[in-house]
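Structural description and commentary
Read off the chains here:
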Amino acid sequence: MEHQKSHLKEHMFQVEAIEEDRISQLPDHILSIILSKLPLKDLVRTSALSNRWKHLWALRTNLNFDMDGIFGSNHGRPHFSTKPCKHYKEVKLEFARCVDGFLQNFQGTKVISLKLHFLKHLGDTSSMNRWIRSVIGLGIEEL
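These figures come from a predicted structure and were not determined experimentally. (Residues numbered from 1 in each chain as written. Predicted model: local features only at pLDDT ≥ 70, side-chain atom pairs only at ≥ 80, totals over all residues. Heavy atoms only, no water.)

**Some points on the nonpolar core**
Operational definition: Nonpolar core, defined: a set of buried Ala, Val, Leu, Ile, Met, Phe, Trp, Tyr and Cys residues in which side-chain atoms within 4.5 Å join the residues together. Buried means the residue's accessible area, taken with a 1.4 Å probe over protein chains only, is under 20% of the maximum for its type, while exposed means over 50%, and partly exposed covers the values in between. The way it works is that DSSP assigns letters per residue, a run of H or I at least four long becomes a helix, a run of E at least two long becomes a strand, and they are numbered from the N terminus. What makes two residues a contact is simply this: any of their non-hydrogen atoms within 4.5 Å.
If you look at the biggest cluster of nonpolar residues, it comprises 24 residues, and the most contacted ones within it are L63, F65, F95, F102, L103, F106 and V135. The dominant element in this core, judged by the number of residues it contributes, is helix α5 (residues 86–105), at six residues. If we ignore the near neighbours within four places in the chain, the residues touching L63 are F102, L103, F106, V111, S113, L114, K115 and V135.

This is the structure we're talking about:
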């Protein structure tokens, strides 16, 4: 009997939690505005919230890939260095993997802006060209 009460309380809590999820009931265009305010790292995390949120991150139309947003502001960037070292090559590869992974899984139908923020010696023109090509057919307005 005690087990049934415990199970009933747990079920009631789950039902109550589902009913409390009012943000998921908002229209997609409102959610798109909300999602556009999140850093990409947090944006992708929203896909784990529920089935409804699984692909909502693709509503985002402004793509801002920022090293600080991906790695945090303490990723060991050089202040006055102009010569890349091994660590920065690893950071460059990881940054490219993050951007590539996002764009490969992006299912949005429109991209208004694409911004890339990274240290100049970490840039890779072949990667940048690939990223620009991937959004060029989605109505890009700002690079």
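**A look at the pattern of salt bridges**
We count it as follows: Salt bridge, as used here: a side-chain nitrogen of Lys or Arg that lies within 4 Å of a carboxyl oxygen of Asp or Glu.
Per the stated rule, a full pass over the model turns up six salt bridges. D28 serves as the salt-bridge partner of R52, at 3.1 Å between the closest nitrogen and oxygen. Remark: D28 occurs in helix α2 (residues 28–35) and R52 occurs in the loop between α3 (40–45) and β1 (62–66); sequence separation between them is 24 residues. What makes R52 partly exposed here is its relative accessible area of 34%.

**Topic: a nonpolar patch on the surface**
Selection criterion: Surface patches are defined over residues having more than 30% relative accessible area and no salt bridge, joining like charges when they lie within 9 Å and nonpolar side chains (Val, Leu, Ile, Met, Phe, Trp, Tyr) when within 5 Å. All accessibility values rest on the Shrake-Rupley procedure with a 1.4 Å probe; residue burial counts only the protein chains present in the view.
Judged by side-chain polarity, I23, L26, I30, I33 and I34 come together as a nonpolar surface patch covering roughly 360 Å² of accessible area. Counting through the fold element by element, I23 comes out in the loop between α1 (2–20) and α2. Classification of I23 by relative accessible area gives partly exposed; the value is 37%.

**Here's the deal with the confidence of the model for the protein chain**
So the rule is basically this: Per-residue confidence from the predictor is reported as pLDDT, a score between 0 and 100.
When pLDDT is averaged along the protein chain, the result is 76; 71% of the residues meet or exceed 70. Below pLDDT 50 for its whole length, residues 78–82 participates in five contacts with residues either more than four positions away or in separate chains.

**Regarding the packing of aromatic side chains**
We apply this condition: Here the aromatic set is Phe, Tyr and Trp, taking the six-membered ring for Trp, and pairing holds for ring centres within 6.5 Å; pairs whose planes are under 30 degrees apart are stacked, those over 60 apart are edge-to-face, and all others are tilted.
Applying the stated criterion across every chain, the model contains five aromatic pairs. Considering the side-chain rings of W57 and F102, the 4.8 Å spacing of their centres and the 55 degrees angle between planes classify their relative orientation as tilted. Of this pair, W57 sits in the loop between α3 and β1 while F102 sits in helix α5, and the two are 45 residues apart along the sequence. The same class applies to W57 as to F102, namely buried. Consider the rings of F95 and W131, whose centres lie 6.0 Å apart with planes at 80 degrees: the pair is edge-to-face. You can see F95 sitting in helix α5 and its partner W131 sitting in helix α6 (residues 125–136), a full 36 residues away along the chain.

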